[in-house]
Amino acid sequence: TLVSMIHVNNEMGSVQPVEEAGSLLSKFPKIQFHVDHVQGITKVPLHLNKAGIDLCTISAHKFHGPRGVGLLYVREGANLMPLVSGGEQENGFRSGTENLPAIVAMAKALRLSLDASKTGLAKMENLLGQLREGLAEIDGVVCNTPVHHSAPHIMNFSVDGVKPEVLIHALEQRNIYVSTKSACSSREDGASRVLLAAGISGERAEQAIRVSLSFESSEHDIEETVKALKGIIPGLRKVGEGA
């Protein structure tokens, strides 16, 4: 009835073969194909018609829009049942007063971000490569984000012998903000289920850190991050060994 895929993984940055999946699903016209394009919007291009996508979702907060508002693309002819019946809002799919200021802000933020992507994507790719090279210089650090078929704005890496929560707080003191896992699972204890599913060992998955870039990121940001990690990690590792 429905196939749903995430386009860009929100923890590792891996890009899924959406167009290939759409080509296979075109042989089964009764199946609706939904793609979660939240993490990829403005960063990883996606051709909806070419991929045969029936439904596609994005969220405004991923391109500096307000939280709590998003967009659903519905292919002409796709059949949907109303989420909330009653009024004629949202073409009859969801009744209730619409948050017009948030919708307008999302549209404006999307235009600005798409404009920034015209020149910003190449810069972002270079910054991610610079970060990868810097991480490779630090003993005990391994990148979990694949080199190929991955987004230009996400880097996931693990630090041997260091608890990620401790490292995050140490970076916060230098005004560098990173995360563990995704925002929707950051409160869960233990190893990332995404990294485990990718075949990464439990210990390494427990030590994972995620860095996200934007079109506003600079070479200075990357240099300061790598410099901070080189200064912080050896000390934290010694503390861990002493404990």
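These notes cover the structure that comes with them.

Conventions used here
- Residues numbered from 1 in each chain as written.
- Predicted model: local features only at pLDDT ≥ 70, side-chain atom pairs only at ≥ 80, totals over all residues.
- Heavy atoms only, no water.
- Helix = DSSP H or I, 4+ residues; strand = E, 2+ residues; numbered from the N terminus.
- Buried < 20%, exposed > 50% of the residue type's maximum accessible area, 1.4 Å probe, protein only.
- Contact = heavy atoms within 4.5 Å.
- Areas by Shrake-Rupley, 256 points an atom, 1.4 Å probe, with all protein chains shown as cover.
- Lys, Arg positive; Asp, Glu negative; His and termini not counted.
- Charge placed at Lys NZ, Arg CZ, Asp CG, Glu CD.
- Salt bridge = Lys/Arg side-chain N within 4 Å of Asp/Glu carboxyl O.
- Pairing = 2+ DSSP bridges.
- Axes fitted to C-alpha atoms, helices over the stretch in contact; angles between N-to-C directions.
- Arc of directions from axis to C-beta.
- Polar contact = N/O pair within 3.5 Å; in protein donor to acceptor, adjacent residues only side chain to side chain.
- Right-handed = clockwise from strand over helix to strand, strands pointing away.

**Description of the overall build of the protein**
Moving on, step 1. From N to C terminus, the protein includes six helices and seven strands.
Moving on, step 2. Walking the protein from its N terminus toward its C terminus, one meets helices and strands in the order β-α-β-β-β-α-β-β-α-α-α-β-α.
Moving on, step 3. Seen through its principal axes, the protein has C-alpha atoms that stretch 65 × 40 × 35 Å.
Moving on, step 4. Counting all 243 residues of the protein, 42% fall into the buried class.
Moving on, step 5. Residue pairs at least 24 apart in sequence account for 62% of intrachain contacts in the protein once pairs closer than 6 positions are excluded.
Moving on, step 6. With the model as given, the accessible surface of the protein reaches about 14200 Å², and the carbon-plus-sulfur share is 53%.
Moving on, step 7. Averaging the locations of the 24 positively and 27 negatively charged side chains of the protein gives two centres separated by 1 Å.

**Section: the pattern of salt bridges**
Oppositely charged side chains can form a pair if their charged atoms are brought close together.
Moving on, step 1. Counted according to the given criterion, the structure contains four salt bridges.
Moving on, step 2. Across the pair Arg-75 and Asp-54 runs a salt bridge, and its minimum N-O distance is 2.5 Å. With Arg-75 in the loop between β4 (70-74) and α2 (100-136) and Asp-54 in the loop between β2 (32-36) and β3 (55-59), this residue pair connects regions lying 21 residues apart in the sequence.
Moving on, step 3. A relative accessible area of 33% places Arg-75 in the partly exposed class.
Moving on, step 4. Looking at Asp-54, the relative accessible area reads 7%, which means it is buried.
Moving on, step 5. Here Asp-115 ties to Lys-118 by a salt bridge, and the two come within 3.6 Å at their closest N and O atoms.

**Re the sheet that holds strand β6 (residues 154-159)**
Moving on, step 1. Pairing is antiparallel in the open sheet, where three strands are placed in the order β5-β6-β7. Single-partner strands in this sheet number two, and they are β5 (141-143) and β7 (208-212). Within this sheet the neighbouring strands show an average axis-to-axis angle of 30°, counted without direction.
Moving on, step 2. Relative to β6, β5 is paired through three bridges, and the arrangement is antiparallel.

**Let's talk about helix α1 (residues 18-25)**
Counting along an α-helix, one turn takes 3.6 residues, and residues three or four places apart therefore face a common direction.
Moving on, step 1. Those residues of α1 that fall on the buried side of the exposure criterion are Val-18, Ala-21, Gly-22 and Leu-25. Take α1 and look down its axis: the buried residues cluster within an arc of 100°, on one side only. α1 presents Glu-20 and Leu-24 as exposed residues on the side facing more than 90 degrees away from its buried surface.
Moving on, step 2. Buried residues along α1 sit in contact with β1 (2-6) and β2.

**Section: the side chain of His-7**
Moving on, step 1. Positionally, His-7 belongs in the loop between β1 and α1.
Moving on, step 2. Classification of His-7 as buried rests on a relative accessible area of 3%.
Moving on, step 3. A distance of 3.1 Å separates the side chain of His-7 from the side chain of His-37, its partner in a polar contact.
Moving on, step 4. Contacts of His-7, omitting those with residues within four sequence positions, involve Ser-14, Val-15, Gln-16, Val-18, Val-35, Asp-36, His-37, Val-44, Pro-45 and Leu-46.

**Points about the pairing of β2**
The side chains of a regular strand alternate between the sheet's two faces.
Moving on, step 1. Of all five residues in β2, four are buried, a share of seventy percent or more.
Moving on, step 2. Relative to β2, β1 is paired through five bridges, and the arrangement is parallel. Paired with Val-3 across the strands is Phe-33, a residue of β2.
Moving on, step 3. Crossover handedness for the path β1 to α1 to β2: right-handed.

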